[in-house]
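The chain contents come next:
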Amino acid sequence: VETVTTRGAIIGASTSNAKGVVVLEVSNKSLVLPCIRDPHLTVLNPYPGMMCYDTTSRTLAVFDGTVWNYWK
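Residues numbered from 1 in each chain as written. Predicted model: local features only at pLDDT ≥ 70, side-chain atom pairs only at ≥ 80, totals over all residues. Heavy atoms only, no water.

J.: How do you make sense of the overall build of the protein chain when you look at a structure like this?
T.: Scanning the protein chain from terminus to terminus reveals one helix and six strands. Its helices and strands in sequence order give the protein chain the pattern β-β-β-α-β-β-β, from N to C terminus. Since a compact globule built from 72 residues should have a radius of gyration of about 11 Å, the 16 Å found for the protein chain marks it as more spread out than a globular shape. If you line up the protein chain on its principal axes, its C-alpha atoms span 40 × 40 × 15 Å. Buried positions account for 18% of the 72 residues belonging to the protein chain. (Helix = DSSP H or I, 4+ residues; strand = E, 2+ residues; numbered from the N terminus. Rg over C-alpha atoms; globule rule 2.2 N^0.38 Å. Buried < 20%, exposed > 50% of the residue type's maximum accessible area, 1.4 Å probe, protein only.)

Below, the structure written as structure tokens:
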């Protein structure tokens, strides 16, 4: 069986040159992540690649599959 792949979902524009599964293409808005207090304590079963905004540390939290990493 041959599978034909196409571009992913484009949000914010009718077309985009970017290649990705989900493309956010807009010049006057941004992505807003879920806001979670202390995700390392409150998210019981995080999935690798999960991202959120930690309201306690005021940082971007990214779960790498093993631990949470915090970016300022």
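J.: What is the right way to read the side chain of serine 16 from this model?
T.: As for its placement among the helices and strands, serine 16 is situated in the loop between β1 (9–11) and β2 (22–24). Residue serine 16 is classed as buried on the basis of its relative accessible area of 6%. One polar contact links the side chain of serine 16 to the main-chain amide nitrogen of alanine 18, over a distance of 3.1 Å. (Polar contact = N/O pair within 3.5 Å; in protein donor to acceptor, adjacent residues only side chain to side chain.)

J.: Where do I start with unusual backbone geometry in this structure?
T.: Working note: non-glycine residues mostly have negative phi, and peptide bonds are mostly trans. Its identity is not glycine, yet aspartate 38 carries a phi of approximately 50 degrees, on the positive side. With respect to the helices, strands and loops of the structure, aspartate 38 is situated in the loop between β3 (35–36) and α1 (39–42). Of note in this structure, arginine 58 is not a glycine but carries a positive phi near 55 degrees. By secondary structure assignment, the location of arginine 58 is in the loop between β4 (51–54) and β5 (59–63).

J.: What should I look at first to understand the pairing of strand β6 (residues 68–71) in this one?
T.: Each regular strand carries side chains that alternate between the two faces of the sheet. Pairing between β5 and β6: four bridges, direction antiparallel. Bridged to valine 62 within β6 is asparagine 69. Turn length for the β5-β6 hairpin, with the two strands adjacent in sequence and antiparallel, is four residues, and the turn residue glycine 65 shows positive phi of about 105 degrees. (Pairing = 2+ DSSP bridges.)

J.: When you look at the pairing of β5 in this model, what are you seeing that I'm missing?
T.: Summarising burial for β5: four of the five residues are buried, a large majority. Sheet topology note: the β4/β5 ladder contains four bridges and is antiparallel. Residue pairing for β5: tyrosine 53 is matched across the bridge by leucine 60. Remark: four residues form the turn of the hairpin made by β4 and β5, two consecutive strands paired antiparallel; arginine 58 in that turn has positive phi of roughly 55 degrees.

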